[in-house]
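# A look at the structure
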Amino acid sequence: MKDDLVLNYLKDNLETHSSGEEISRKLKVSRAAIWKHIQNLRKLGYEIDGETHRGYKLIKTPDKLFADEISYKLGTKIFGQKTILSYASLDSTNTNCFKLGEEGVPEGALVLAEHQKKGRGRLGRQWVSPKEKNVLISILLRPILSPAQVPKITLIAATSLARVIHKLYSIKVGIKWPNDILCQEKKLCGILTEMSAESDRVNFVVLGIGINVNAQKEELPPEGIALSTILGKSVSRVEFLREFLKELEKDYLRLKSGNFKTVIDDWEKYSATSGKRVRVDLLGKKIEGSAMGIDEEGALWIRRDNGLQEKITAGDVQHLRSA
Ligand code: BTN
């Protein structure tokens, strides 16, 4: 038996003390084994009250991204339902998740890490995040899409992030097309979507997301900001992640059922790019103009100063001050 059965028992009975005898009877393991599991949980940082005649009671849960913390009564249909791998340290959650994809693991698998040695950002950049402060996650998806439609997944993730941040903390965030969540013009979250595909068919997608949750200002690059800095207090990473996964799954299911247009409408509500003067770097070629918004494919449309409208499907966008 793993520690999680005892932990879940205590979570199911948060209001009362549960005696060792009662837990051992319900879980059909010896009292000595229960005691051992309680000790293990305490070592992991769980605060468990233990009184000789009353039994055990869970007092406090550590804010660690343990698989059991994420999965407990999560309430999703796919995400985190079969596989959640949580690491203290690895190179990149995207790299590990990609391997799961190649091994044929079903969609919805989650890879989490408290630290990445080679965290990757878009366009060959690094993703820097201090240990045990933020959320670093990759999600394995197997959508029936053509490779050209995969950027939709990035837009979905950005929309769900913006919505859940607003819902939980009443913080107004903006999405910088395609994938940055900004607050106070600094970067709160980044998304790196990678895929394995043939010319006309996607095998799988790895949706990698980094969220600055509790990092101190000096632990982040100058362009980054954490939720805790904005709120002036630390935030439960577990609570945030669980809410985000539920929200993201709803949006992903909207895509799967052909309702992507409704996601676009939501994206526009949070867009920090639409209406702005922007410069887009298209692999060295720079385009300037006014961002009009995104179309039903998720591409950004720009009106150039000569009146021509240009469709942007990939690239790096810079928000400029209005002329
Ligand atoms: C960007 O804004 O450039 C994208 C950053 C994406 C970072 C996340 S952290 C979890 C996952 N693993 C990685 O190596 N990268 C993504």
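Placed above this text is the structure.
In this report, the structure presented in the accompanying data block is examined. Keep in mind the model is a prediction, meaning the values are calculated, not measured.

Here we come to the nonpolar core. I165 and I181 are the most contacted members of the largest nonpolar core, which has 64 residues in total. If you tally residues by element for this core, the top one is helix α6 (residues 151-169), at 10 residues. If sequence neighbours within four positions are ignored, I165 has contacts with S170, I171, V173, I181, L188, C189, L227 and F240.

Moving on: the site of the ligand. Contacts to the ligand come from 21 residues, most closely from S92, Q116, R120, R122 and K187. Within the contact set of the ligand, an oxygen atom lies 2.8 Å away from a side-chain nitrogen or oxygen of S92. Here a nitrogen atom of the ligand sits 2.9 Å away from a polar atom, N or O, in the side chain of Q116. When the ligand is considered free in solution it has 410 Å² of accessible area, and contact with the protein chains removes 99% of it. Here the shell around the ligand gets 4 residues from one element, more than from any other, and that element is strand β8 (residues 186-197). Looking at the shell around the ligand residue by residue, the classes come out as 6 nonpolar, 11 polar and 4 charged.

A few words on the sheet that holds strand β9 (residues 202-211). Spatially, the 7 strands line up as an open sheet ordered β3-β4-β5-β9-β8-β7-β6, and their pairing is mixed. Across the chains shown, the open sheet's two edge strands, defined by having one partner strand only, are β3 (84-87) and β6 (174-176). Neighbour-to-neighbour, the strand axes of this sheet turn through a mean angle of 20°, independent of strand direction. Helix α5 (residues 93-102) contacts β3, β4 (110-113), β5 (135-141), β8 and β9 of the sheet and is inclined by roughly 20° relative to β5.

A separate point is the packing of α6 against helix α9 (residues 260-270). Interhelical geometry of α6 versus α9 gives an angle of 55° and a closest axis separation of 9 Å. In terms of their interaxial angle, α6 and α9 are classed as oblique. α9 is crossed by α6, and the crossing has left-handed handedness. Facing K152, L155, I156, A158, T159, A162, R163 and H166 of α6, the residues of α9 in contact are F260, V263, D266, W267 and Y270.

As a further point, take the side chain of S138. Structurally, the position occupied by S138 is in strand β5. Relative accessible area serves as the criterion here: at 0%, S138 is assigned to the buried category. Side-chain polar atoms of S138 contact the side chain of N94, separated by 2.6 Å.

We now examine the environment of D295. Mapping D295 onto the fold places it in the loop between β11 (285-294) and β12 (300-303). D295 sits 120 residues away from I175 along the chain, and the two C-alpha atoms are 15 Å apart. Residues within four places of D295 in sequence aside, it is in contact with I264, W301 and K311.

Attention shifts here to α9. Along α9, the residues that are buried comprise F260, V263, I264, D266, W267 and Y270. One face of α9 carries all of its buried residues, which in axial projection span an arc of 165°. Projecting away from the buried face of α9 at angles above 90 degrees are the exposed residues K261 and K269. Against the buried residues of α9 lie α6, β6, α8 (237-256) and β11.

This next bit is on the pairing of strand β10 (residues 277-282). If a strand is regular, its side chains alternate between the two faces of the sheet. The sheet contact formed by β10 and β11 spans 6 bridges and is antiparallel. Its bridge partner lying in β11, R279 is registered against E288. In sequence, β10 turns back onto β11 through a hairpin of 2 residues, with L283 there showing a positive phi of about 45°. Relative to strand β14 (residues 316-320), β10 is paired through 5 bridges, and the arrangement is antiparallel. Counterpart to R277 in the pairing with β14 is L320.

Bringing the sheet that holds β12 into the picture now. In spatial order, the strands read β13-β12-β11-β10-β14; together these 5 strands make up an open sheet with antiparallel pairing. The open sheet terminates on both sides in strands that have one partner only, identified here as β13 (309-312) and β14. When strand polarity is set aside, the average angle formed by the axes of neighbouring strands in this sheet is 45°. Alignment of β11 against β12, held across 4 bridges, turns out to be antiparallel. Its bridge partner being in β12, S290 is matched across the sheet by R303.

Conventions we followed
- Every residue gets a number counted from 1 within its own chain, in the order that chain's sequence is written.
- Side-chain atom pairs in this predicted model are given and counted only at pLDDT of 80 or more, local residue features only at pLDDT of at least 70, and totals for whole chains, interfaces and linings cover all residues.
- The side-chain values count all of the structure's non-hydrogen atoms but skip hydrogen atoms and water molecules.
- The definition of a nonpolar core used throughout is a set of buried Ala, Val, Leu, Ile, Met, Phe, Trp, Tyr and Cys residues joined through side-chain atoms within 4.5 Å.
- For every residue, the accessible area obtained with a 1.4 Å probe (protein chains only) is divided by the maximum for its type, and the residue is called buried under 20%, exposed over 50%, and partly exposed between those limits.
- Numbered from the N terminus, helices here are DSSP runs of H or I no shorter than four residues, and strands are runs of E no shorter than two.
- Note on contacts: a residue pair is in contact if any heavy atoms of the two residues lie within 4.5 Å.
- The cutoff for a nearby residue is simple: one of its non-hydrogen atoms must lie within 4 Å of the molecule or strand.
- For the purposes of these results, a polar contact is taken to be a pair of N or O atoms within 3.5 Å, where, inside protein, one atom must be able to donate a hydrogen and its partner to accept one; residues adjacent in sequence count only when each atom of the pair is a side-chain atom.
- In these tables, accessible area is a Shrake-Rupley quantity obtained with a 1.4 Å probe, and a residue counts as shielded only by the protein chains included in the view.
- Three residue categories are used. Nonpolar comprises Ala, Val, Leu, Ile, Met, Phe, Trp, Tyr, Cys and Pro, charged comprises Asp, Glu, Lys and Arg, and polar comprises the others, including Gly.
- Strand pairing requires that DSSP identify at least two bridges connecting the strands.
- Each axis is a line fitted through C-alpha atoms, and for a helix only the stretch in contact is used; angles between axes span 0 to 180 degrees, taken between their N-to-C directions.
- The cut-offs work like this: below 35 degrees is roughly parallel, past 145 is roughly antiparallel, 65 to 115 is roughly perpendicular, and the gaps in between are oblique.
- With the far helix as reference, a near helix turned anticlockwise by less than a right angle produces a left-handed crossing, and one turned clockwise produces a right-handed crossing.
- When we speak of the arc, we mean the arc of directions from the helix axis to the C-beta atoms.

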